[in-house]
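Fold and contact review
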Amino acid sequence: MVGNEILGRQDTAAPSAPLAIELRGISKSFGPVQANKNISIRVARGSIHGIIGENGAGKSTLMSILYGFYKADSGEILIGGKTVTIPDSQSAIRAGIGMVFQHFKLVQNFTVLENIILGAEEGRFLRPSLTKARAVLKKLAEDYELDVDPDAVVEDLSVGHQQRVEILKALYRQADILILDEPTGVLTPDEADHLFRILRGLRDQGKTIVLITHKLREIMEITDHVSVMRRGEMVATVTTADTSPEDLAELMVGRKVLLHVEKSPANPGRTVLEVENLRVVDDNKVERLRGISLQVRAGEILGIAGVAGNGQSELLQVLGGISNGTGIVRLNGESLDVTGKHSDGQTRRAKGIAHVPEDRQHLGLIMDFTAWENMAFGYHNAPEYQRNALLMNNEALRADTARKMERFDVRPPNPTLAAKSFSGGNQQKIVVAREIERNPDLLLIGQPTRGVDIGAIEFIHKQILALREAGKAILLVSVELDEIMSLSDRIAVMFDGRIMGERLPDQTNERELGLLMAGMGDK
Amino acid sequence: MDRMPKWADALLVPLISLIIAFFISGLVILAIGEDPIAAMKLMIDGALGSTYGWGYTLYYATNFMFTGLAVAVAFHAGLFNIGGEGQATLGGLGVAVVCLALPWPHWSLALGAAVIGAAAFGALWAAVPAWLQAKRGSHIVITTIMFNFIAASLLNYVLVNIMRPVGSMDPASARFAVETKLPRLHEILGLVGIPFNNRNPANISLLIAMAACVLVWVLIWHTRLGYQIRAFGKSEKAAVYAGIRPVRITMYAMLISGGLAGMMAVNNVMGEAQRLVLNSVEGAGFIGIAVALMGRNHPFGVFLAAILFGFLYQGGAELALWTKIPRELIVVVQALVILFTGALDNMVRMPVERVFMAFRKAK
């Protein structure tokens, strides 16, 4: 009823202003997979246009076609009303399109200025280009709040500043249309706000911005129009002011989704994990954890918030037995060796610690292994997987995997498929199923829903809460502040290897957490 | 969804590669003024046309099975062991020490001890590079190839200065006692009434090699150690997450690999020569790399590829004997086989995949 009404809505926001981009009937398939099906979209000049969709909905493919990385099987591209062909990224740049990728494409040991002119040098010598770029940069900085020190070396810049360099690069090449792919994934809330100010400034100067994201909040905050993609199709384009996050989520997934996690009040019991003065020094002798102390009790979720790269990964890894450190760690009152001399991931598991790692593709799964081989990963010594002292019981393992895939709704529920042939969300479900089904006393879980579609996010959140209901301790690390806020019973914020402070989710807000994440804490 | 069925991946693609390799070999033979059809016929006749030829083919294949398995096991752990040559050399030393140390009453006892001796010496020779790789990060490709040279020099020294019988001018060990002589293939087949030529060196080691293929298959796909080896080989980072210790797995995989390479000596030293001579391995350690490559590191693939290379070896020897085609040409043929089945694999695979995809679409 309501659902059908929303799903049936098409192009309520056909822009009347002149168009910057028009795509007509774009289709692209990779072998049997149709990534884009007959996609048409119209982006008005001087607007911020959001493109939202789950992973694998075809957003990136569409933008890659626009930027000349892929050639569409059929369809037309019009830039500023004129039909163009874009066989490569040089043509895209000439057509006035600039792209800011999720993973920056900067030369780390070049200065900002050198990066900006890279590929756009003029003449035989560098000096004139550099001088010209310096002047242009100064003007851009004044016009759009895009201030970056032109002589700074890129690797010394913060992520937010590096992103500005990418934007400057595009503007220096006289881009009229700026495409940003998941630009806020690596930013603090403050940096994201700054980025949005920059984007609004650009729009007001007549630039066109295309923003690809999976964060509904950002779409609502900054875009003028939003297009929703689902399974390779463009399901709707709407005016942002006329829609709501719930409507968009439903359009993305194709069914009603609970955006807010329903959870009962915490009922914390005895202390399960106690950490005192935990320190980790990495291979380059840099101290990544500088004396972490925390506690997680049974039936409680402790959320660790922070911008990526402030020691959260190291915390999970040292607790999970992947890397070594010094300090006191106690599990259920029993002290645990973290130096790596007497313990590893196996002894952690034996003590009841399960670990869903942040990076499922490189740590949590072996992508070439089948689902059933992955289901034993880390638990390959478990007695129920052995036939006898010598041989493993692969049949039992396959049957066990089939059951767990059924229970966790992994699609397709085929234990003999390789992990790499599942979507991100289903890969994550395999890892979560493997770790949660062990019924651990302590679950370490990092970025549980990174690159996971909305439907699966809801499911994984429910599983984490169910484990909490069962009286287990959970240490949750996520860079998604929404996720931390909605799941955690307590929130600790990490910055530069330290815990800057602890807050209760209902007594804090994003602004306060954002300040802690930026290192302005109470310590 | 798989791009093509398993049988096509495992059999069709190598077969097409092989045909191309033979075709180009034919062109080379034509270029030196010989008749490729006659040469091919001679190779097939010489290697497979009689039980005598088969005997030699299988004798060589036995060597290649051991060294091929050695490379395959290490490869599953992500380690490229190209020291099979040296490990097999040391395996020979192990066999000689075992056979000469005691007055063995019966070949079966001597065989058991020789297998252990060969494997132990081969494993020992692989252990040092493995340790250096696991603990110090010295690249195993570099260290194993260095150890091939050290093994050759060591054998030289041991044969000349220690094992050479007094008064002998030949850098070789004493002949083993006649009790240690292994049953030949014609004797074994004779038991079940199959007539087989008796002037070839194929012996009971072939059965050991075949058993080793099965055991390696069980090891890799049905044991915890094999699971850990494969996991480590696919991703060391992920293995550490799972609590698999890299040092331990590197050592185990290389010990097994070196042991398998060493066991080759049971065939050539004990089964054929009945004494230890210089350069008894004759490059079989390196052929093992090609065999593993062509067999896709699967023990049964290694078995088939070993027989193919046995055929090339024996056929090549016949070619050199009966025509003006030099023996070196067979190295060219082997190189082409390796080139097409290994290095240029995708050249054949991609078009075949496309054919299957098109076929599937048409359905």
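Every chain is numbered independently, its residues counted from 1 as its sequence is written. Following the order in which they are written, the chains are lettered starting with A and the ligands numbered starting with 1. With the structure being a predicted model, the display of local features is reserved for residues of pLDDT at least 70 and the display and counting of side-chain atom pairs for 80 or more, all residues being used for whole-chain, interface and lining totals. Side-chain metrics rest on all non-hydrogen atoms present in the structure, leaving aside hydrogens and water.

**Things to note about the pattern of salt bridges**
Residue and element names in this part refer to chain A. The line we're drawing: Take a side-chain nitrogen of Lys or Arg and a carboxyl oxygen of Asp or Glu: if they are within 4 Å of each other, that pair is a salt bridge. Think of it this way: any DSSP run of H or I at least four residues long counts as a helix, any run of E at least two long counts as a strand, and we number them from the N terminus. For every residue, the accessible area (1.4 Å probe, protein chains only) is compared with the maximum for its type, and the residue is labelled buried under 20%, exposed over 50%, or partly exposed between those bounds.
Considering all chains together, one arrives at 51 salt bridges over all chains under this definition. Residues glutamate 22 and arginine 42 are paired through a salt bridge, measuring 4.0 Å at the closest nitrogen-oxygen approach. Of the two residues, glutamate 22 is situated in strand E1 (residues 19-30) and arginine 42 in strand E2 (residues 33-44); the sequence distance between them amounts to 20 residues. Of the residues examined, arginine 42 reaches a relative accessible area of 34% and is grouped as partly exposed. Residue lysine 215 is joined to glutamate 480 by a salt bridge in which the shortest nitrogen-to-oxygen separation is 3.9 Å. Residue lysine 215 is found in the loop between strand E8 (208-213) and helix H8 (216-222), and its partner glutamate 480 is found in the loop between strand E18 (473-477) and helix H17 (481-487); the two are separated by 265 residues along the sequence. According to the relative accessible area criterion, lysine 215 is buried, its value standing at 15%.

**Observations concerning the sheet that holds E2 of chain A**
All names here are of chain A. We count it as follows: By the convention used here, strands pair only if DSSP detects at least 2 bridges between them. Note on definitions: angles span 0 to 180 degrees between N-to-C directions of axes, and those axes are lines fitted to C-alpha atoms, for helices only across the stretch in contact. Any two residues whose heavy atoms approach within 4.5 Å at even a single point are treated as in contact.
Read across the open sheet, the four strands follow the order E2-E1-E4-E5; overall the sheet is antiparallel. Looking along the sheet, the strands with just one partner apiece sit at the ends: E2 and strand E5 (82-84). Sheet twist, expressed as the mean angle between neighbouring strand axes with direction ignored, is 25 degrees. With five bridges connecting them, E1 and strand E4 (residues 74-79) associate as antiparallel partners. Opposite isoleucine 21, over in E4, you have isoleucine 79 as the bridge partner. Where helix H2 (residues 59-66) meets the sheet, its contacts fall on E1, E2 and E4, and the angle it forms with E1 comes to roughly 115 degrees.

**Points about helix H1 (residues 6-31) of chain B**
Residues and elements named next belong to chain B. The condition is simple: For a helix, the expected span equals 1.5 Å multiplied by the number of residues minus one. What the bend at a residue measures is the angle between two axes, fitted to the seven residues ending there and to the seven starting there.
Counted at 1.5 Å a residue, the expected span for H1 with its 26 residues is 38 Å, and the 38 Å between its end C-alpha atoms agrees. At leucine 12, H1 shows its maximal kink, close to 30 degrees; a proline, proline 14, follows between one and four residues later. Those residues of H1 that sit buried are Ala8, Val13, Pro14, Ser17, Leu18, Ala21, Phe22, Ser25, Gly26 and Ile29. Positive backbone phi, at 85 degrees, marks glycine 33, one or two positions downstream of H1.

**Some words on the layout of surface pockets**
Residue and element names in this part refer to chain B. Cut-off, in case you're wondering: Definitions used for this entry: grid spacing 1 Å over protein atoms alone; cavity, a set of points where a 1.4 Å probe fits but cannot get out; pocket, an open set with protein on both sides within 12 Å along at least 5 of 7 lines; lining residue, one with an atom within 4 Å of a point. Grid points are joined across faces, edges and corners, and a volume is the space filled by probe spheres set on the points. Note on residue categories: nonpolar means Ala, Val, Leu, Ile, Met, Phe, Trp, Tyr, Cys or Pro, charged means Asp, Glu, Lys or Arg, and polar means any other residue, Gly included.
The computed volume of the second largest pocket comes to approximately 2,200 Å³. For the second largest pocket, the lining is made up of 49 residues, of which Lys6, Asp9, Trp221, Arg296 and His298 are closest to its centre. At eight residues, the largest contribution of residues to the lining of the second largest pocket is made by H1. The residue inventory of the lining of the second largest pocket, partitioned by class, reads 22 nonpolar, 13 polar and 14 charged.

**Things to note about the nonpolar core**
Quick reminder of the rule: Only buried residues count toward a nonpolar core, which is a set of Ala, Val, Leu, Ile, Met, Phe, Trp, Tyr and Cys residues joined through side-chain atoms within 4.5 Å.
Counting 70 residues, the largest nonpolar core has Phe377 and Leu443 of chain A as its most contacted members. Look past the residues within four positions of phenylalanine 377 of chain A in its chain and what remains in contact with it is Leu363, Gly364, Ile366 and Arg434 of chain A together with Tyr227, Ala231, Ala238, Ala239, Tyr241, Ala242 and Ile244 of chain B. Judged by nonpolar contacts, the second largest core, of 61 residues, contains Leu185, Ala202, Ile289 and Ile325 of chain B.

**With respect to the interface of chain B and chain A**
Counted only if it meets this: What counts as buried area is the accessible surface, traced by a 1.4 Å probe, that two parts surrender upon association, with contributions from both included. Any pair of nitrogen or oxygen atoms within 3.5 Å is treated as a polar contact; in protein, a donor-acceptor pairing is required on top of that, and neighbouring residues in sequence qualify only through side-chain atoms on both sides.
At the interface, 22 residues of chain B touch 37 residues of chain A. Counting the surface lost from both chain B and chain A, the interface buries some 2,300 Å², and carbon and sulfur atoms represent 58% of this. Linking chain B with chain A are three salt bridges, by the criterion used here. Our count for the contact surface shared by chain B and chain A stands at 16 residue pairs in polar contact (both at pLDDT 80 or more). Elements that contribute at least two residues to the side of chain B that touches chain A include exactly helix H8 (205-222), helix H9 (224-234) and helix H10 (236-241) of chain B. Broken down by element, the residue count for the side of chain B that touches chain A peaks at six residues, all from H9 of chain B.

**Some remarks on the domain arrangement of chain A**
A common way to report how large an interface is uses the accessible area buried once the components associate. The following threshold applies: Reported domain spans reflect what an automatic or database domain assignment gives.
Assigned domains of chain A: these are domain 1 (2-96 + 176-253), domain 2 (106-175) and domain 3 (271-363 + 440-517). Relative placement of domain 2 of chain A and domain 3 of chain A: their C-alpha centres are 38 Å apart.

**Regarding the environment of histidine 186 of chain B**
All names here are of chain B. Within the secondary structure, histidine 186 is located in helix H7 (residues 185-191). Between the alpha carbons of histidine 186 and phenylalanine 80 there is a distance of 37 Å; along the sequence they are 106 residues apart. When near neighbours in sequence (up to four residues on either side) are disregarded, histidine 186 contacts Phe196, Asn197 and Asn198.

**Thoughts on the pairing of E4 of chain A**
All names here are of chain A. Of the pairings in the sheet, the one linking E4 to E5 comprises three bridges and is antiparallel in character. Within E5, the residue paired with leucine 78 across the bridge is threonine 83. Two successive antiparallel strands, E4 and E5, enclose a turn made up of two residues, where glycine 80 displays a positive phi of approximately 60 degrees.

**Focus on empty space enclosed by the protein**
By rolling a water-sized probe across the atoms, one finds the places where empty space is left. Residues and elements named next belong to chain A. Tallying each qualifying case throughout the model produces four cavities of 30 Å³ or more. There is about 50 Å³ of room inside the largest cavity. In terms of lining residues, the largest cavity is bounded by Gly160, Gln163, Arg164, Leu187, Glu191, His194, Leu195 and Ile198. For the lining of the largest cavity, the secondary-structure elements that each account for two or more residues are helix H6 (159-172) and helix H7 (189-204). Of all the elements, H7 adds the most residues to the lining of the largest cavity, at four residues. Looking at the lining of the largest cavity, its residues break down into three nonpolar, three polar and two charged. When residues of the lining of the largest cavity are assigned to domains, at least three fall in each of domain 1 (2-96 + 176-253) and domain 2 (106-175).

**Observations concerning the packing of aromatic side chains**
Basically, it comes down to this: Here is the rule: rings of Phe, Tyr and Trp (six-membered ring for Trp) pair when centre to centre is within 6.5 Å. Planes less than 30 degrees apart are stacked, more than 60 are edge-to-face, and the remainder are tilted. Criterion for a charge above a ring: Lys NZ or Arg CZ within 6 Å of the ring centre, and within 35 degrees of the ring normal.
Tallied over the full model, the rule gives 13 aromatic pairs over all chains. Look at phenylalanine 369 of chain A and tyrosine 227 of chain B: their rings are 5.6 Å apart centre to centre, the planes differ by 55 degrees, and that puts the pair in the tilted class. Here the residue phenylalanine 369 of chain A occupies a position in the loop between helix H12 (360-364) and helix H13 (371-375), and tyrosine 227 of chain B occupies one in helix H9, the pair thus bridging two chains. With a relative accessible area of 2%, phenylalanine 369 of chain A lands in the buried category. By way of ring pairs, the aromatic residues Tyr52, Tyr56, Tyr59, Tyr60, Phe64 and Tyr313 of chain B are connected into one cluster. Sitting above the plane of the tyrosine 379 of chain A ring, arginine 349 of chain A keeps its charged end 5.4 Å from the centroid. Positioned above the aromatic ring of tyrosine 241 of chain B is the side chain of arginine 349 of chain A, whose terminal nitrogen or guanidinium carbon lies 4.8 Å from the ring centre.

**Focus: the pairing of strand E7 (residues 177-181) of chain A**
All names here are of chain A. Burial analysis of E7 places five of its five residues in the buried class, the great majority of the element. Side chains of E7 alternate between two faces, with Ile177, Ile179 and Asp181 and Leu178 and Leu180 buried alike. In this sheet, E7 lies alongside strand E6 (residues 97-100) in parallel orientation, the contact comprising four bridges. For valine 100, the partnering residue across the bridge sits in E7 and is leucine 180. Relative to E8, E7 is paired through five bridges, and the arrangement is parallel. Note on E8: the bridge partner recorded for leucine 178 is isoleucine 209.

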